[in-house]
Amino acid sequence: ALNQFNSASIELTQKDQYYFAMQKSSALNIIGNSYFNLSMSAKDLSLDSANVYFKQDYDVALIFTPPHKDSKLLYSLRRTKVLIAKKEFKEALTILNQADIYDKNSQTNQEVSFFKTLAYQHLENPDSTLYYAHRFLINDKTRPNTAKNRAVIYDIMAQQYGKIHKSDSAYKYSELTI
C-alpha cells in the first residue's frame with residue numbers, strides 16, 4: 001500500500017509531500033522493528049526483512065526537504081542492531097567506527113556506546129568492552145529502554161572485571177545488576 005500511493009496521480013504540495021514522506025518513513029521503520037522483534041535466532045530470516053525495511057526507511061528519509069541531519073546515523077544504528085543480532089560483530093564495529101557515525105552533539109551516543117560494548121564483549125576484548133560500557137553510563141539518557149540496557153551493561157561489566165581479575169569491581173557491578 002505504501003508503494004502504490006507513490007504512483008497515484010494526486011498533486012501534493014511540498015508540505016504535504018514532506019508530511020507523507022515522514023509518515024511513510026515512520027511506517028517502514030515500524031515494520032522493520034516489528035521484523036526485528038520477531039527474530040528468534042541469529043539466522044532468522046526476519047532479521048533480513050528488518051534490514052530491507054530499514055533500508056527503505058532510509059531511502060525515503062533521503063528525500064526529506066529539508067533533510068534530516070541524523071538520517072544516515074539512525075540507519076547505521078539500525079543496521080548495527082541487526083548485525084549484532086546476527087552475531088556479525090566485526091561488521092557491526094566497522095559501521096560503528098565510521099567517522100561520521102559518532103557525533104559529539106548527537107543524542108545517539110549512548111546507543112553507539114551500547115552497541116560497541118556488545119560487539120567488543122563478543123569479540124572478547126575486555127578493555128574496549130569496559131571503555132564503551134563506561135561511556136554508555138556517562139551518556140546517561142532517560143529513554144524507555146535505558147534502564148534495561150543499563151542492567152545489561154552492569155552485567156557485562158561484572159563479567160569483564162571478573163575476567164581481568166578485578167573482583168571488587170566485578171562485585172560492585174554485579175550488585176548494580178540486581
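Note that the structure is predicted; figures quoted are calculated from it, not measured.

About the thresholds
- Residues numbered from 1 in each chain as written.
- Predicted model: local features only at pLDDT ≥ 70, side-chain atom pairs only at ≥ 80, totals over all residues.
- Heavy atoms only, no water.
- Salt bridge = Lys/Arg side-chain N within 4 Å of Asp/Glu carboxyl O.
- Helix = DSSP H or I, 4+ residues; strand = E, 2+ residues; numbered from the N terminus.
- Buried < 20%, exposed > 50% of the residue type's maximum accessible area, 1.4 Å probe, protein only.
- Axes fitted to C-alpha atoms, helices over the stretch in contact; angles between N-to-C directions.
- Parallel < 35°, antiparallel > 145°, perpendicular 65-115°, else oblique.
- Left-handed = near helix turned anticlockwise from the far one by under 90°.
- Contact = heavy atoms within 4.5 Å.
- Nonpolar A, V, L, I, M, F, W, Y, C, P; charged D, E, K, R; others polar.
- Expected span 1.5 Å × (residues − 1).

**With respect to the pattern of salt bridges**
- Inspection of every chain in the model, using the stated rule, returns four salt bridges.
- Across the salt bridge formed by aspartate 57 and arginine 78, the nearest N and O atoms sit 3.0 Å from each other. Here arginine 78 lies in helix 4 (residues 71-85) and aspartate 57 lies in helix 3 (residues 45-61), a separation of 21 residues in the sequence. Across the pair, arginine 78 and aspartate 57 agree in class, each one buried.
- In this structure, aspartate 70 and lysine 69 form a salt bridge, with 3.4 Å as the shortest nitrogen-oxygen distance.
- Its relative accessible area of 69% is what places lysine 69 among the exposed residues.

**Here we look at the packing of helix 8 (residues 146-163) against helix 9 (residues 167-177)**
- The N-to-C vectors of helix 8 and helix 9 enclose an angle of 160°; their axes lie 8 Å apart at closest approach. Of the possible angle classes, the one that applies to helix 8 and helix 9 is roughly antiparallel. Considering how the two elements wind past one another, helix 8 and helix 9 form a crossing that is left-handed. On helix 9, the residues touching Ala151, Tyr154, Asp155, Met157, Ala158, Tyr161 and Gly162 of helix 8 are Ser169, Ala170, Tyr173, Ser174, Leu176 and Thr177.
- Taken together, the residues of the contact of helix 8 with helix 9 sort by class into eight nonpolar, four polar and one charged.

**Regarding helix 8**
- Over its 18 residues, helix 8 extends 25 Å from the first C-alpha to the last, a length consistent with the 26 Å expected when each residue adds 1.5 Å.
- Among all positions in helix 8, only Thr146, Asn149, Ile153, Tyr154, Ile156, Met157, Ala158, Gln160 and Tyr161 are buried.
- For helix 8, the secondary structure elements touched by its buried residues are helix 6 (109-122), helix 7 (126-138) and helix 9.
- Downstream of helix 8 by one or two residues, histidine 165 has phi in the positive range, about 60°.

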